[in-house]
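This is what each chain is made of:
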Amino acid sequence: MSLKSERRGIHVDQSELLCKKGCGYYGNPAWQGFCSKCWREEYHKARQKQIQEDWELAERLQREEEEAYASSQSTQGAQSLTFSKFEEKKTNEKTRKVTTVKKFFTASSRAGAKKAQEKTPKQGQLGRERNADNILRDLKEIFTPSWELASPSEEIQEAKAPSPAIHRQASIETDRVSKEFIEFIRTYQKPGQDIYKQCKLFLDTMSHKRDLSIEEQSECAQDFYQNVADRLQTRWKVPPEKVEKAMDEVEKYIMTRQYKYVFCPETTDDEKKDLAVQKRIRALHWVTPQMLCVPVSEEIPEVSDMVVKAITDIIEMDSKRVPRDKLACITKCSKHIFNAIKITKNEPASADDFLPTLIYIVLKGNPPRLQSNIQYITRFCNPSRLMTGEDGYYFTNLCCAVAFIEKLDAQSLNLSQEDFDRFMTGQTSPKKQESDSFSPDVCLGVKQMCKSLDLLSQLNERQERIVSEAKKLEKDLIDWTDGITKEVEDIVEKYPLEIKPKSQALAAIDSENVENDKLPPPLQPQLHPAPTPWCS
């Protein structure tokens with residue numbers, strides 16, 4: 001049950017964290033290893049291909065409909081040619097008479113009749129053309145964001161229109177964020193007014209797109225971020241540092257209002273994944289730092305405090321509503337981990353030391369709704385934060401840690417499959433470190449503590465064994481009692497007990513027996529005279 005002497009540790013090449021397209025940005029498992037930029041390019045290529053196929057399908061259906069209509073018209077005209085000429089002559093005669101009578105009352109009747117007569121045969125063709133145009137227009141509306149379709153005048157009109165989703169009863173935090181956002185955009189003057197108008201338009205648009213899938217809503221949000229950033233840079237010539245700060249405030253304002261609709265929605269399996277990860281982490285409660293080769297010594301008070309702070313930060317991530325704030329919690333947790341490693345090793349921490357420690361922190365903290373938070377950040381965070389910088393690096397490592405936990409096996413921990421299965425089922429737990437294996441520098445208190453822990457572990461095993469034997473004995477006694485009871489019941493059923501009436505007591509032999517006169521009379525005493533003596 002002991003660990004293997006050769007320990008490989010957990011090593012992840014830094015190139016594996018980057019986008020698999022080779023752009024140099026950080027990739028993400030949720031984007032199939034691409035970064036945000038490359039993933040959007042791949043997604044747009046697939047979407048444009050789908051749009052082109054839909055347009056070709058609509059045009060083909062339109063051509064088939066026109067050909068079918070033309071064919072039916074030609075066939076119908078050939079069959080009823082003679083009758084049509086007769087009807088046309090009769091109609092013209094009747095129209096001429098009616099027109100002759102009406103011209104005495106109105107001067108413009110003939111012109112109106114001619115216009116109506118000209119419009120009548122074209123209604124069928126116009127209807128077919130209108131149906132085809134409606135199909136193409138609907139396809140364009142489906143696959144094009146609303147703020148790209150709308151003209152500037154339409155944007156202003158839509159921004160001023162009241163929306164039930166925007167004007168709903170807001171929470172205290174939402175009101176606070178709204179006030180802060182308004183105060184912030186005032187410093188940007190005209191660009192700030194444009195930002196506010198775009199945000200209001202986006203919120204109004206999203207309020208009518210609740211039935212879209214979460215991936216489509218995510219795509220709308222990413223398009224909106226890109227659109228606002230481009231407008232600030234190209235139209236208003238805002239410096240890059242101010243654009244980044246403005247985008248942070250835009251994300252905060254937008255996602256605070258959209259949080260309740262897009263975080264762990266019912267249409268996804270995020271909640272199911274959360275429960276699976278929590279169950280997996282609970283089952284791995286027995287994993288020790290030595291198994292993961294974690295270079296952290298929690299016996300040092302400062303290191304222990306850093307570990308507690310790191311666990312607190314990763315748990316606090318679930319309480320935040322803005323993706324940037326959730327990323328900040330991950331960043332603070334990671335910095336505490338680096339500090340703990342630095343204090344323990346007395347040297348700067350490396351990437352190979354960071355990932356095993358992050359895995360250990362996740363296992364020890366078991367953060368709530370971990371998968372939902374990761375998916376929420378991936379879908380609605382400003383993509384520039386996930387592509388570069390320390391936030392993107394730490395977030396990518398967290399995704400790798402979760403993936404490692406989900407696929408953790410005996411080989412990952414340098415254990416035999418038998419020991420791994422026993423630990424997972426709870427049949428036993430890993431042995432504590434023996435006192436003989438400590439270095440000479442370890443104080444006596446630590447050695448005594450380990451001995452006490454080993455003794456407690458042995459006593460616990462003995463107690464569990466005694467309890468198990470007592471339960472087995474109790475079960476045997478119950479089974480024995482039930483067996484005896486059944487045997488007695490079977491015997492009683494086979495040989496039933498018959499109770500006879502009580503017999504009368506026998507009468508005294510010298511008493512008068514009136515019931516049975518066949519007995520001889522009782523003996524009476526008789527007297528005999530004494531013999532006379534003989535004379536000599």
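Because the structure is a prediction, the values reported are computed rather than measured.

Moving on: the overall build of the protein. Along the backbone of the protein there are 20 helices and zero strands. Counting only residues that meet the buried cut, the protein has 34% of its 536 residues in that class. Looking at the protein alone, contacts between residues at least 24 apart form 74% of all its contacts between residues at least 6 apart. Accessible surface for the protein amounts to roughly 36,000 Å². Of this, 54% is attributable to carbon and sulfur atoms.

In this section: a nonpolar patch on the surface. A cluster of nonpolar side chains, contributed by Met-449, Leu-453, Leu-455, Leu-456 and Leu-459, occupies part of the molecular surface with about 460 Å² of accessible area. Mapped onto the elements of the fold, Leu-459 is located in helix α20 (residues 444-494).

Here we come to the confidence of the model for the protein. Mean pLDDT over the protein stands at 78; residues scoring 70 or higher make up 70%. Mean pLDDT across the elements of the protein bottoms out in helix α6 (residues 152-160) (38) and peaks in helix α14 (residues 323-345) (96). Low confidence marks residues 1-8, where pLDDT is under 50. Its contacts with residues over four positions away, or in another chain, come to 22 contacts. In this model, residues 100-126 is a region of pLDDT below 50 whose contacts with residues beyond four sequence positions or in other chains number three contacts.

What follows deals with the nonpolar core. Core analysis: the largest hydrophobic core is formed by 52 residues, its most contacted members being Trp-286, Leu-292, Ile-330 and Leu-413. Only α11 (270-283), α12 (289-292), α13 (301-316), α14, α15 (351-365), α16 (370-380), α18 (389-406) and α19 (417-425) provide two or more residues apiece to this core. For this core, the leading source of residues is α18, giving nine residues. Counting 30 residues, the second-largest nonpolar core is a separate cluster that includes Phe-181, Ile-185, Val-228 and Phe-263.

Inspection of the secondary structure assignment puts Asp-194 in helix α8 (residues 190-207). Judged by its relative accessible area of 7%, Asp-194 falls in the buried class. Within the structure, Asp-194 has its side chain in polar contact with the side chain of Arg-231 (distance 2.8 Å). Engagement of the side chain of Asp-194 in a polar contact is seen with the side chain of Trp-236, the distance being 3.4 Å.

All right, on to empty space enclosed by the protein then. In the structure shown here, the tally under the stated rule is three cavities of 30 Å³ or more. In this model, the second largest cavity occupies a volume close to 40 Å³. For the second largest cavity, the full set of lining residues is Val-296, Met-306, Val-307, His-336, Ile-337, Ala-340, Thr-357, Tyr-360 and Ile-361. For the lining of the second largest cavity, the elements supplying multiple residues, two or more each, are α13, α14 and α15. Its residues assigned to classes, the lining of the second largest cavity shows seven nonpolar, two polar and no charged.

As a further point, take unusual backbone geometry. For Lys-237, which is not glycine, the phi dihedral falls at a positive 55°. Position of Lys-237 relative to the elements: it lies in the loop between α9 (214-235) and α10 (240-262). Even without being a glycine, Cys-264 presents a positive backbone phi close to 50°.

Let us look at the side chain of Gln-217. Within the secondary structure layout, Gln-217 lies in helix α9. Ignoring sequence-local partners within four residues, the contact set of Gln-217 consists of Met-206, Lys-209, Arg-210, Leu-212, Val-262 and Phe-380.

For Ala-221, the position within the fold is in helix α9. Classification of Ala-221 as buried rests on a relative accessible area of 3%. Here the alpha-carbon distance between Ala-221 and Cys-381, two residues 160 residues apart in the chain, equals 8.8 Å. Among all residues touching Ala-221, those that are not within four sequence positions of it are Phe-202 and Phe-380.

Basis of the calculations
- Residues numbered from 1 in each chain as written.
- Predicted model: local features only at pLDDT ≥ 70, side-chain atom pairs only at ≥ 80, totals over all residues.
- Heavy atoms only, no water.
- Helix = DSSP H or I, 4+ residues; strand = E, 2+ residues; numbered from the N terminus.
- Buried < 20%, exposed > 50% of the residue type's maximum accessible area, 1.4 Å probe, protein only.
- Contact = heavy atoms within 4.5 Å.
- Areas by Shrake-Rupley, 256 points an atom, 1.4 Å probe, with all protein chains shown as cover.
- Patch = residues over 30% accessible without salt bridge, like charges linked within 9 Å, V, L, I, M, F, W, Y side chains within 5 Å.
- Salt bridge = Lys/Arg side-chain N within 4 Å of Asp/Glu carboxyl O.
- pLDDT = per-residue confidence, 0-100.
- Core = buried A, V, L, I, M, F, W, Y, C linked by side-chain atoms within 4.5 Å.
- Polar contact = N/O pair within 3.5 Å; in protein donor to acceptor, adjacent residues only side chain to side chain.
- 1 Å grid on protein atoms, 1.4 Å probe; cavity = no way out; pocket = protein on both sides within 12 Å on 5 of 7 lines; lining within 4 Å.
- Points joined across faces, edges and corners; volume = space filled by probe spheres on them.
- Nonpolar A, V, L, I, M, F, W, Y, C, P; charged D, E, K, R; others polar.

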